Amino acid sequence: MRKLLLVAGLLLVAGVTRAQQQPDFSKVEIKVMQVSGNIYMLEGAGGNIAASVGADGILIVDTEYSPLAEKIQAALKNIRVTDKPVRYVVDTHYHGDHSDGNAAFGARGATIIAQENLRKSLENGSAIGNGPGGSIHIQQPAQPKAALPTITYDDHLDIHFNDEDIRVMHFPEAHTDGDSVVFFSENKVVHMGDEFVRYGFPFIDVNAGGSVQGMIAACERVSTEFPADVKIIPGHGALATMDDLREYTNLLKDTSAVVGKALAEHKTLDQMKQEKILAPWQKYSGSFVNTDAFIETLYYSLTTMKAGGAK
Ligand SMILES: [Zn+2]
């Protein structure tokens, strides 16, 4: 653990410049979009927020960054001219661009709910990364008590709120080891957190127990268990459909198969990069997760016995 943190620390500068550069929060505007009935999607900086707004008050899924809490609160207040408070926050996962606002909403009276592994990651801090030798490293410091969920669950949890059963489900070893997928059953809307993103090759926190196998399983579970016309709020990017999710699932499966084949042929990670084995998917290469970083992600997903062990 100490060794890993040291390595992460040395590589921190490279990781941060490439990854989650914090925006100028004073310039961020919160965009609100009605998804279905009383369910809304909010976009600002960081991950997408889902909101259930109604007679019981407001429940939000994810909180973006704490400096934005005031603006998010104001945007929520404009929906249906409600002055009801945010009563519940559900975190999809522990990364700062989704959970940094926890303490700010907690201070305003919200109860924070999450999968139990998420609480441990927030409490202890975490060396976020795409595998033990991967090029993406972001050190997330331990969070104060005010940012921690007060209600945690193991497998699933139902919240009966605004005349709807809201199901919070643990999808294991996918983007992290503590992911929640949140399904608004009456409105047929699902928030998938960073198990589904639309910025190109996804980041997978292999260091925190995530894996591409878990990501594929999560996507397939959503496409088989949920209604065909479900509206999907991705962790990042525009509102999506099942067709979009299937295309993304195929990307994960096809690229994993290529790296899996290279592993079977005893190729090293460097050889895979040199041979540009993911060249057919070059259009998915992004500034955060470029093609080489995604090869690393798949390599460490497929070779780490139990990804969580790396932490
Ligand atoms: Zn994330």
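Our structure is the block above this text.
Remember, predicted model here, so these are calculated numbers, not experimental data.

Undergrad: It is not clear to me how the packing of aromatic side chains should be interpreted in this structure. Could you clarify?
TA: The geometry of an aromatic ring pair comes down to the distance between the two centres and the angle between the two planes. A complete count under the given rule lists nine aromatic pairs for this structure. With a centroid separation of 5.1 Å and 90° between ring planes, the pair formed by Tyr299 and Tyr300 is classed as edge-to-face. For the pair formed by Tyr299 and Tyr300, the shared burial category is buried.

Undergrad: Hey, could you run me through the coordination of the zinc ion in this one?
TA: Each donor-metal-donor angle in an ideal tetrahedron of four donors is 109.5 degrees, and each such angle in an ideal octahedron of six donors is either 90 or 180 degrees. Summarising the metal site, the zinc ion is bound by the protein donors His93 (NE2), His95 (ND1), His175 (NE2) and Asp194 (OD), whose distances to it range over 2.2 to 2.3 Å. Counting along the primary sequence, the residues that act as donors to the zinc ion give the motif H-x1-H-x79-H-x18-D. Remark: Asp194 occurs in the loop between strand S13 (189-191) and helix H6 (212-225) and His95 occurs in the loop between strand S5 (86-90) and helix H3 (96-99); sequence separation between them is 99 residues. Across the pair, exposure class does not vary: His95 and Asp194 are buried alike.

Undergrad: Honestly, the nonpolar core in this entry has me stumped. Any pointers?
TA: General note: in soluble globular proteins, nonpolar side chains tend to be found buried as a group. Counting residues in each nonpolar core, the largest one holds 53 residues, and the members touching the most others are Phe226, Ile232 and Leu245. Of all the elements, helix H7 (residues 242-264) adds the most residues to this core, at seven residues. Every residue in contact with Ile232, bar those within four places of it in the chain, is listed here: Val190, Met192, Phe196, Leu239, Ala240, Thr241, Met242 and Leu245. Tyr40, Ile49, Ile72 and Val86 belong to the second largest nonpolar core, which has 24 residues in total.

Undergrad: Quick question: what am I supposed to make of the packing of H6 against H7 here?
TA: Their axes nearest at 10 Å, the elements H6 and H7 cross at an angle of 150°. If you check the angle between H6 and H7, you find them roughly antiparallel. Judged by the sense of rotation from one axis to the other, the crossing of H6 with H7 is left-handed. Where H6 abuts H7, its residues Val212, Met215, Ile216, Cys219, Glu220, Val222 and Ser223 lie against Met242, Leu245, Arg246, Tyr248, Thr249, Leu252, Lys253 and Ser256. For the contact of H6 with H7, the residue count by class is nine nonpolar, three polar and three charged.

Undergrad: Explain the pattern of salt bridges here, please?
TA: Side-chain pairs of opposite charge can arise where the charged atoms are in close proximity. Applying the stated criterion to the full structure yields 13 salt bridges. One salt bridge connects Glu70 with Arg108, and the closest N-O pair in it is separated by 2.6 Å. Within this pair, whereas Glu70 is found in helix H2 (residues 69-78), its partner Arg108 is found in the loop between helix H4 (102-107) and strand S6 (111-115), the two being separated by 38 residues in sequence. One continuous salt-bridge network, built from bridges that share partners, spans Lys261, Glu265, Lys267 and Glu275.

Undergrad: Looking at this structure, how should I read the environment of Ser223?
TA: Following the sequence through the fold, Ser223 ends up in helix H6. Classification of Ser223 as partly exposed rests on a relative accessible area of 23%. Measuring from C-alpha to C-alpha, the distance between Ser223 and Leu245 comes to 7.7 Å, with 22 residues separating the pair along the chain. Setting aside anything within four residues of it in sequence, one finds Ser223 in contact with Met242, Leu245 and Arg246.

Undergrad: What's the story with the pairing of strand S2 (residues 39-43) in this structure? I'm lost.
TA: One face of the sheet, then the other: side chains in a regular strand alternate in exactly this way. By the criterion of burial, S2 is predominantly enclosed, with four of the five residues buried. Note that strand S1 (residues 31-36) and S2 share five bridges and pair antiparallel. Bridge pairing in S2 links Gln34 to Tyr40. As defined by bridge partners, S2 adjoins strand S3 (residues 49-54) across four bridges and the pair is classed as antiparallel. The residue of S3 that forms the bridge with Tyr40 is Ala51. In this structure, the hairpin formed by S2 and S3 is closed by a connection of five residues, where Gly46 is found at a positive phi of approximately 95°.

Rules behind the numbers
- Residues numbered from 1 in each chain as written.
- Predicted model: local features only at pLDDT ≥ 70, side-chain atom pairs only at ≥ 80, totals over all residues.
- Heavy atoms only, no water.
- Phe/Tyr/Trp six-rings, centres within 6.5 Å; stacked < 30°, edge-to-face > 60°.
- Buried < 20%, exposed > 50% of the residue type's maximum accessible area, 1.4 Å probe, protein only.
- Donors = N, O, S within 2.8 Å, 3.2 Å for Na, K, Ca; no water.
- Helix = DSSP H or I, 4+ residues; strand = E, 2+ residues; numbered from the N terminus.
- Core = buried A, V, L, I, M, F, W, Y, C linked by side-chain atoms within 4.5 Å.
- Contact = heavy atoms within 4.5 Å.
- Axes fitted to C-alpha atoms, helices over the stretch in contact; angles between N-to-C directions.
- Parallel < 35°, antiparallel > 145°, perpendicular 65-115°, else oblique.
- Left-handed = near helix turned anticlockwise from the far one by under 90°.
- Nonpolar A, V, L, I, M, F, W, Y, C, P; charged D, E, K, R; others polar.
- Salt bridge = Lys/Arg side-chain N within 4 Å of Asp/Glu carboxyl O.
- Pairing = 2+ DSSP bridges.

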